[in-house]
Amino acid sequence: MIDSILMFLAEHTAVAALLKLLLLVLGFVMPLASLSTWAERRQSAMMQDRLGPNRANIGPVKLWGILHFVADAIKMMFKEDVVPSKVDRFLFALAPVMAIAPVLITFAVIPFGPDLCVGQVMSVVTDPATCKATIPLQVARMDVGMLFYFALASLAVYGTTLAGWASYNKWSLLGGLRASSQMMSYEVCMGLSLMGAFLVYGSLEPNAIVTAQGSNILHWGIFTQPLAFVLFFTAAIAETKRAPFDLPEGEPELIGYFVEYSGMRFGIFFLAEFIETIFLSAVVATVFLGGWQVPGLDSSGFGSLHLPHLVVVLLQVVAWSLKILMLCWLQLLIRWTLPRFRPDQLMRLGWKQLLPLSLINIIITAAVVLWRSGGK
Amino acid sequence: MAESYTTRLDDALNWARKYSLFTYPFVTACCGMEYMATAASKYDIARFGAEFPRFSPRQADLLFVVGTITERQAPVLHRIWMQMAEPKYVVAFGVCASTGGFYQNYNTVPGCDQVIPVDVYIPGCPPRPEQVLDGLILLQKKIAEATTWVQRRDRKELELAAQSTDGRKRLPVVA
Amino acid sequence: MSVEQATDYGPTLVAILFGIAFSCVFLGLAMFLGPKRENAEKLAPFECGSEPIGSPRVRFSVKFYQVALLFLIFDIEAAFLYPWAAIFRRLSCLGTVIHNECLGTVTAFGFVEMLVFMSTLVVALAYVWRKRAIGWG
Amino acid sequence: MSKADLDKLVAQFPGAVVSSHSNFGDDTAVVTADQLKDVMRYLRDTAGFDFLVNVTAVDYFGREPRFEVVYHLRSMATGNRLRIKVGLHEEEGGPSAEVATVSDLWPTANWQEREAYDMFGIKFTGHPDLRRILMYEEFIGHPLRKDYPKEQRQPLIRRDYSLG
Amino acid sequence: MSTHHAPSTTEASSSTGGKVRGKIGVRVVGRPDSLEQRIYLPEVIRGLGVTAKHFFANLFSRKYTVTVQYPEQKLRYPDRNRGLHRLMLRDDGQVRCVACMLCPTVCPAHCITIVPEETGNGNEKRPRIFEIDELRCVVCGLCVEACPCDAIRMDSGVHAPAVDYRGDAIQTKIDMLKRGTHSVATQGGVGPDWREKQPTVKQYDPPK
Amino acid sequence: MSTTTQSKTGSKKLALGMPTPEEITAGGIPGISARPKLPPDLMAKLNNEELEEVEDIELPTEPMTINMGPSHPATHGTVRIILTIDGETVRDSDVQVGYLHRCFEKEAEAATYTQVFPYTDRLNYVSPLLNNVGFALAVEKLLGIVDRLPERASYIRVIVGEISRITDHLTCLGASAMEVGGFTPFLWMIKVREWLWELLEELTGARLTHSYVRIGGVAQDLPEHFIEKLRAVLEKSVEVLGECESLLVKNRIFRDRMDGVGTISAEDAIAWGWTGPCLRSTGVPYDVRKDHPYLVYDRFEFDVPVGSVGDNYDRVAVRLEEIRQSMRILDQACKQIPAGPVLLDEPRICMPPKNAVYNTIESMIGHFKLIVDGIKVPPGEVYSYTEGGNGELGFYIVSDGSGRPYRCHVRAPSFIHTQALSKLILGAGIADIIPTFGLINMIGGECDR
């Protein structure tokens, strides 16, 4: 029964993609994004010696305040939708879509688990290549996967810039301008800093990168490309406009590029930021932390300890989730620790420090790869 | 039957609203120090889900009028209140915002309710964080019971109340 | 079955449609669910509670556009590096590559080619650096 | 404290100093309005009183001269302090009291003179930007004058919501 | 133009007349700029370490957490805390206030309203109406200081509650008497002194 | 309902003598030459010339006028800055204060000297006790009782004043940190402030608006174990301060935000009338406590921290060091404090002890007279100055012999510092306004009074 369903999915990739997308977005990303709004509040509270939201309850159910984000969501949904009279109505409405849709779409290229061997879910699979049919645990597998990611990520800049411009508000305009300059500057660094990893793993396809890293922790990107890890992580936080790079919002300075947005439209920007955090964690996990790989766990199990295929896959999916959670935590820790950059310092950091460093990283990596490929 | 569903929906909405109060702190004066203290670790207004200060009236639900309102400030306050998205609530934080306190002179507004409708008044000069939290809890209660100014206005209760001679409407003593 | 070279773009299309539909549904819901109570002040832009002076639609600093131009140049140049990175091993090997190891002679062709290409990038960067085009208005 | 400075000032400007005293240890010289600028320039450049601590005014309602503008000076080198006062007449319905600005000698006087103008209606001639500073432009009158009632408000906006 | 003190001298002298005093110790604050700081990362990581330490310590043992869960968990206010007003009682349970009008006189906010009436007992008076508008009270405590017969106090240990009608904030005589206790500050007796030791009379116990 | 005064306002504007171009370019006047108020067309011309000087080739851009405040998160709701910006660079600014003008001076004229204390609390509401002390000293100078103050009262005034100074600096630094994005150190600093407030509440009965000092002394003696508790709190505080420092001054990002921003030279600072930590950041070691010692400040050993550059970083560092120095003073004061009365025994000035009021008719009469008429202060004028949280806090009081001040003027350091703001932010970015404004530490209550 299960096998036949899986077989059907293996054959109809579009249906499978939709299902996986629903599973990924509705089952993982959205809950996680919502939860991370709560996590951010609780985590920042813990860092600041306080408790954080813990009151919202439905009858006796309190759930450590998790319900606060439910309240937030419902409230925003039913909040008045103010569209000031002088805004550009179309662009005003388009901006939140442009902010959230690209991030949701790019999740398609992230592999959240290994290929599922149809028909052998309960048995031990030693070589995945021998499977009759597979369902990749990745919505869309493209050989230009990372390029697709960069293309869409740079679309997200439109969301903020349009929001800033369409609002007919000077503060938001400044926020939008800051956002566009910042995101464009760091886009370049981001692409160039990942180049080293592409050189090492010889592919642009995320799943291929993960597979190439293998279960040996020393082959993971963080050890083969430590400089690139730092550069990319920095650039990517800047790209997602999180503190210390949250200049477009920069509340005490500009109030934010979404000054004029109310209710759910504002909520979407709010949510998009958290989704971007998760997405950034996913990319970092994929390229630098071995994606769904578990140290020492091959497709047959831990060394001589053989495990059924389904268990292996589940373990790997869980490992992937844990890596993402950890990276989200790290980002929140950074957010609540560091002060904000100033625009000119931000540009200086991006163009004059990160960019040259990433160029050097490429050259060194290429040289090493060249030297190593001589091999024996 | 349909009515009971809408009541249920309203209850759910009010529940959500009371636990998700994004505040617009209209901080002008001394009370701002206690506002900080309330937001800080010891009293932690975040426990009630009201820790997000939003400096845009579009995104805020609760206007905290913190401190003295002067004649010069009054139009600003009024504009911000007008620009807030519905539903919106107002808390007068401290005696200056409530009645002007001991500033009765040519440039102070004797209470911000001269300019905007107020749902909850918090006494104290400045109020202790405990009093602020009391005020917040009272506001949450009012939201849940749907007796805030905005909710009563939407039900057109205020016009009726203006005509009747309600026993609750005692005038404050003015010396 | 190995990773096929011919990519199936169907799932990608599904993802794009899903992303757009998802966000539009959200937005649409929000538009209709909230109460509406408009007044002239509410529809005016918010500027810290003051009356706005002048319009935000001004010809603002050219610095912002400079960044956009720089981005265009550098990003396009960087885009050429992606395929190079992906096939770097094949470029630097005069034989077949199996498991990341070259079975033939190693050649520095790909490396040198990249250096030449990248030097244009570096020169451009040095130029804008000197011209102080990097920065903020 | 700086009685010597006071004496020197009197010797330098015999016509300008109307009176002087050192009550409560505060050395004070009352000078005439037309020579104020010269006195102040002398004090700043020659006598070493380079720090203008404070400028304010007092309304002695019903007394002549009605207004007094008070300057407090300090010497950063010696720590000596000096108070200079100028009496200003203003007749009911007549032109407002006038005195030369010192904001070109000390930029710090700029706002303080604006404040005195705002609160008392004293005009500082030559001041680059004599606008109201604490009150709003629509306000009529000068609130710190003794004849301005303390509680006379001039609301810009008002609608009483206190009864619901 | 000015001869202000040079910042580099550690003992700049300034010769004001008047009081004798020692030399001024001047300390120039440093502007450390080590390599470690200049390359961002080490100090950033150290900073993250500090906050992470707080995070884990608070997560597992609430080590640094200082939050008071207010409505459930109430702190006891110090004895001198100025809270809600209360009116003290005589031995016979009557209000101590003799309507001398000192407290409305001294109150800078004019929040006290007293309407006196004759007690019919000699020349003594008592308040017919004694109201305090807590929404105007600035909690300065001058009324307590001014009261010549220890009738009004603010040491009730409770704070004024938040209200939703302006009128609800008015404390009436009955409200304030409910919090009152007997005072020993009778004529000829020894009473509590706001300047000396803490009063030893029975404290009002605020309701839980 | 706006009143119909609009039509009359036009005529009230005075025709002003504009400074001639020679006056502007002569520039012998530090500070004021930097930003003359010119007609807009001339201003625009000047700005464009400036632009051409700075950049070689530049397309003409339109300056944008933008309101920062009154209700902007960084302006604390009490100041409005009208900025003319080009990109993010400030080309011109008009700082407008007065949004919190609560008429302290008018209120003081209507209040007895004792009733003024609650008003002084709300001047610089971050360090109320320093204002209390300042006002009390001014009236005491007028009464001629400064030298007769009980010693214990003077020590208590020093102790509460220094605690207040610490809370003032903590709030200033914390808020500045928050505004550049360091929310965590802000909350930690507020945590420390909370400990100090708890102490002050135990002493005075209120957390923030203490109205504790009285003419001739203080209202109440120290409670039991106050000194021990103070020591314990200071010990804890040092630890937290160290942590905050590691997140702020040692952090490169924070340093970058502060270094070289809002720089002012010592000459300019003096010309602009700056005092306090802001003046000291430029290297001028002027501290009223050292230069004109009052109370018992001449008995303590402490240093005056000064900066060397006069930028925002120096203002941060000076304040941090001042917190340490205040702790040093507190430590010495705790050791030296003698026993004795805390209020002058002078029936015409100070309230008699309560049990005397209850028991003796003379005290009762004196008590009534003091409250109804206020303290009778001999006619005269006095200017008294102390070191407030922000600088020289002066009270200029004119008495006509009655129980209420005839005129009570405050020399508010915030007001004077804020004047220089538009000079400091000229040519800086919008992002620089925030720390500069924050570290000038403009306190609405004090600035607008």
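Counting starts from 1 at the beginning of each chain's written sequence and moves along it residue by residue. Think of it this way: whatever chain is written first is A, whatever ligand is written first is 1, and the rest follow in order. Restriction of local features to residues with pLDDT of at least 70 applies here, the model being predicted, together with a cutoff of 80 or more for giving and counting side-chain atom pairs; totals for whole chains, interfaces and linings are based on all residues. Hydrogen atoms and water are omitted, and side-chain values are computed over all heavy atoms in the structure.

## Observations concerning the overall build of chain C
Link 1 in the chain: To qualify as a helix, a DSSP run of H or I must reach at least 4 residues; to qualify as a strand, a run of E must reach at least 2; elements of each kind are numbered from the N terminus. What chain C contains, in helices and strands, is five helices and two strands.
Link 2 in the chain: Start at the N end of chain C and walk to the C end: the helices and strands fall as α-α-α-α-β-β-α.
Link 3 in the chain: Any residue under 20% of the maximum accessible area for its type is buried, any over 50% is exposed, and the rest in between are partly exposed; the area is computed with a 1.4 Å probe on protein chains only. Every one of the 137 residues in chain C was classed for burial, and the buried ones make up 40%.
Link 4 in the chain: In what follows, residue pairs with any heavy atoms lying within 4.5 Å of each other are defined as contacts. Sequence separation of at least 24 residues holds for 44% of the intrachain contacts in chain C that already meet a minimum separation of 6.

## Here's the deal with the sheet that holds strand β4 (residues 301-302) of chain A
All names here are of chain A.
Link 1 in the chain: As summarised here, the arrangement of the three strands in space is β3-β4-β5, forming an open sheet in which the pairing is antiparallel. Only two strands of the sheet have a single partner each, and these edge strands are β3 (297-298) and β5 (305-306).
Link 2 in the chain: Examined bridge by bridge, β3 and β4 share two bridges and lie antiparallel to one another. From the neighbouring strand, L297 faces β4, where its bridge partner is F302. When DSSP finds two or more bridges between a pair of strands, those strands are recorded as paired.

## A look at the confidence of the model for chain D
Link 1 in the chain: Known as pLDDT, the predictor's per-residue confidence is scaled from 0 to 100. Mean pLDDT for chain D: 86, with 97% of residues reaching 70 or above.
Link 2 in the chain: Reported confidences for the modelled complex are a pTM of 0.87 and an ipTM of 0.88.

## Section: the environment of H417(F)
Residues and elements named next belong to chain F.
Link 1 in the chain: Take H417: it is sitting in helix α17 (residues 413-419).
Link 2 in the chain: Between the alpha carbons of H417 and C103 there is a distance of 20 Å; along the sequence they are 314 residues apart.
Link 3 in the chain: Setting aside chain neighbours within four positions, we find H417 in contact with W274, T275, C278, N390 and I440.

## Observations concerning unusual backbone geometry
Link 1 in the chain: In this structure, the amide linkage connecting E86(B) to the following residue, P87(B), adopts the cis form with an omega of -10 degrees.
Link 2 in the chain: By secondary structure assignment, the location of P87(B) is in the loop between α3 (74-83) and β3 (89-93).
Link 3 in the chain: In this model, D49(A) sits at a positive phi of 65 degrees, which is unusual for a non-glycine residue.
Link 4 in the chain: When you line up the elements, D49(A) lands in the loop between α2 (13-47) and α3 (67-77).
Link 5 in the chain: The exposure class assigned to D49(A) is buried, which follows from its relative accessible area of 0%.

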